[in-house]
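Next come the chains, spelled out residue by residue.
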Amino acid sequence: MRTPIIAGNWKMFKTIVEAKEFAQNAKAGNTSTGVQKVICAPFTALPALSAELAGTDIALGAQNMHFEEQGAFTGEISPSMLKEIGVSYVIIGHSERRQYFNETDETVNKKVVAALKADLVPIVCVGESLEQREAGETSDIVRTQTEAAFSGLTPAQVAGSIIAYEPIWAIGTGRSSTAEDANETIAIIRSVIAEKFGQETAQQVRIQYGGSVKPENIASYMAQPDIDGALVGGASLVADSYLQLVNGASQR
Ligand SMILES: O=C(CO)COP(=O)(O)O
């Protein structure tokens, strides 16, 4: 049985003061068990969150990193720099990075390799645009992105990774995918993993849905057989809302 995972992606929200306030509220209300909890915060808030959340079961994630260990890469952060401040997960290939920051399937693959090497769990994002969906290209797009992201990895490395299926048209729009449609595409992603890395790996790897997930709709996603959790933007910014999402996932 795959443990559900609810990851918050704060994007470019929250100062250190705001992050600390979230952590204090989250600690006070955090009672659910059986769900992996992750908050992916801006780099600047990570050390303070690491201190606030020490000793809790809420883990920390970053939203990006460079694939090199060090070097002349102005403005970048390396995997070991994240490890040093208590980060254990890293989002890789979010559609906003693919769209605005030139992230490609090739750099995604390099980053996944580097994350695993540094003992960080990659949360690899895949998903189609509205145009691609309407052209009937969804399964081709997620297949290409999934194959590229995990190219050259071992089945064990893939099994230990997380995939987030985030249809771009559902991100921040309030227009969520139906649970059935999300499950269908996630099942396709799982079948791509099975083809490339074997059935056992495909049954182990956790695949989240992301895109306008809210406390009101989390249960419908979690009721689907192939959906193992959610990567949540807006609804993860308030501690109470994040904890409601976790509660929704724990009732699976
Ligand atoms: O991009 C997302 C998470 O990575 C989804 O964002 P929203 O939950 O705000 O739609």
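Just so you know, these numbers come straight off a predicted model, no measurement behind them.

UniProt's feature table lists "active site" (unreviewed entry) at H94 and E166, given in the numbering used throughout. Sequence-wise these annotated residues cover 73 residues; spatially they are packed, their C-alpha atoms never more than 8.4 Å apart. Lining the largest cavity, from the residues named above, are H94 and E166. Checked against the element boundaries, H94 lands in the loop between β4 (89-92) and α4 (95-100). Judged by relative accessible area, H94 falls into the buried class, the value being 4%. Those residues within four positions of H94 in sequence are excluded, and the remaining contacts are N9, K11, C125, E166 and I171. Structurally, the position occupied by E166 is in the loop between β6 (162-165) and α9 (179-197).

Turning our eyes to something else, we now look at helix α5 (residues 105-117). Helix length check: α5 (13 residues) gives 18 Å between terminal C-alpha atoms against 18 Å at 1.5 Å per residue, within 8%. Those residues of α5 that sit buried are T107, V108, N109, K111, V112, A114, A115 and L116. Against the buried residues of α5 lie α3 (79-84), β4, α4, β5 (121-126), α7 (138-149) and α8 (155-159). Positive phi shows up at D119, right after α5, with a value of about 65°.

Inspection of every chain in the model, using the stated rule, returns 1 cavity of 30 Å³ or more. Counted as a void, the largest cavity has a volume near 40 Å³. Forming the boundary of the largest cavity are G93, H94, S95, R98, C125, V126, G127, Q145 and E166. Broken down by secondary-structure element, the contributors of at least two residues to the lining of the largest cavity are α4 and β5. Here the residues of the lining of the largest cavity are counted per class, giving 2 nonpolar, 5 polar and 2 charged.

On to the sheet that holds strand β1 (residues 5-9). Pairing is parallel in the closed barrel, where 8 strands are placed in the order β1-β2-β3-β4-β5-β6-β7-β8. For this sheet, the mean angle separating the axes of adjacent strands, direction not counted, is 25°. Across 5 bridges, β1 lies against strand β2 (residues 36-40) in parallel orientation. Residue pairing in the sheet places G8 in a bridge with I39 of β2.

Counted under the stated rule, the structure contains 0 disulfides. Cysteine C40 shares no disulfide, and the gap to the nearest cysteine sulfur, in C125, comes to 8.9 Å. Owing to a relative accessible area of 0%, C40 belongs among the buried residues under this scheme.

For the rest of this paragraph, the subject is the nonpolar core. Core analysis: the largest hydrophobic core is formed by 64 residues, its most contacted members being I6, L49, F150 and Y209. At 7 residues, α9 tops the list of elements feeding residues into this core.

For the structure shown, the criterion picks out 5 aromatic pairs. Judged by centre distance (6.4 Å) and plane angle (85°), the rings of Y100 and F101 are edge-to-face. Their ring planes at 55° and their centres at 6.4 Å tell us that Y165 and Y209 sit as a pair that is tilted. A residue pair is termed long-range when its members are at least 10 positions apart, and Y165 in strand β6 and Y209 in strand β7 (residues 206-210) qualify at 44 residues. The exposure classification of Y165 matches that of Y209, with both residues buried. In this structure an aromatic cluster arises from ring pairing among W10, F22 and Y242.

UniProt records the feature "binding site: substrate" (unreviewed entry) for N9, W10, K11, G172, S212, G233 and G234 in the present numbering. For the annotated residues, spread through 226 residues, the largest C-alpha to C-alpha distance comes to 13.9 Å, consistent with a single compact locus. Of the residues annotated just before, the largest pocket has N9 and K11 among its lining. Mapped onto the fold, S212 is located in the loop between β7 and α11 (218-222). Here the side chain of S212 touches A170 through a polar contact of 2.8 Å, landing on its backbone oxygen. With respect to the helices and strands, the residue G233 is situated in the loop between β8 (229-232) and α12 (239-250). In this view, G233 contacts N9 and K11; residues no more than four positions away in its chain are not counted.

Calculation rules
- Residues numbered from 1 in each chain as written.
- Predicted model: local features only at pLDDT ≥ 70, side-chain atom pairs only at ≥ 80, totals over all residues.
- Heavy atoms only, no water.
- UniProt positions renumbered as here; feature names shortened; annotations may be inferred.
- 1 Å grid on protein atoms, 1.4 Å probe; cavity = no way out; pocket = protein on both sides within 12 Å on 5 of 7 lines; lining within 4 Å.
- Helix = DSSP H or I, 4+ residues; strand = E, 2+ residues; numbered from the N terminus.
- Buried < 20%, exposed > 50% of the residue type's maximum accessible area, 1.4 Å probe, protein only.
- Contact = heavy atoms within 4.5 Å.
- Expected span 1.5 Å × (residues − 1).
- Points joined across faces, edges and corners; volume = space filled by probe spheres on them.
- Nonpolar A, V, L, I, M, F, W, Y, C, P; charged D, E, K, R; others polar.
- Pairing = 2+ DSSP bridges.
- Axes fitted to C-alpha atoms, helices over the stretch in contact; angles between N-to-C directions.
- Disulfide = S-S within 2.5 Å.
- Core = buried A, V, L, I, M, F, W, Y, C linked by side-chain atoms within 4.5 Å.
- Phe/Tyr/Trp six-rings, centres within 6.5 Å; stacked < 30°, edge-to-face > 60°.
- Polar contact = N/O pair within 3.5 Å; in protein donor to acceptor, adjacent residues only side chain to side chain.

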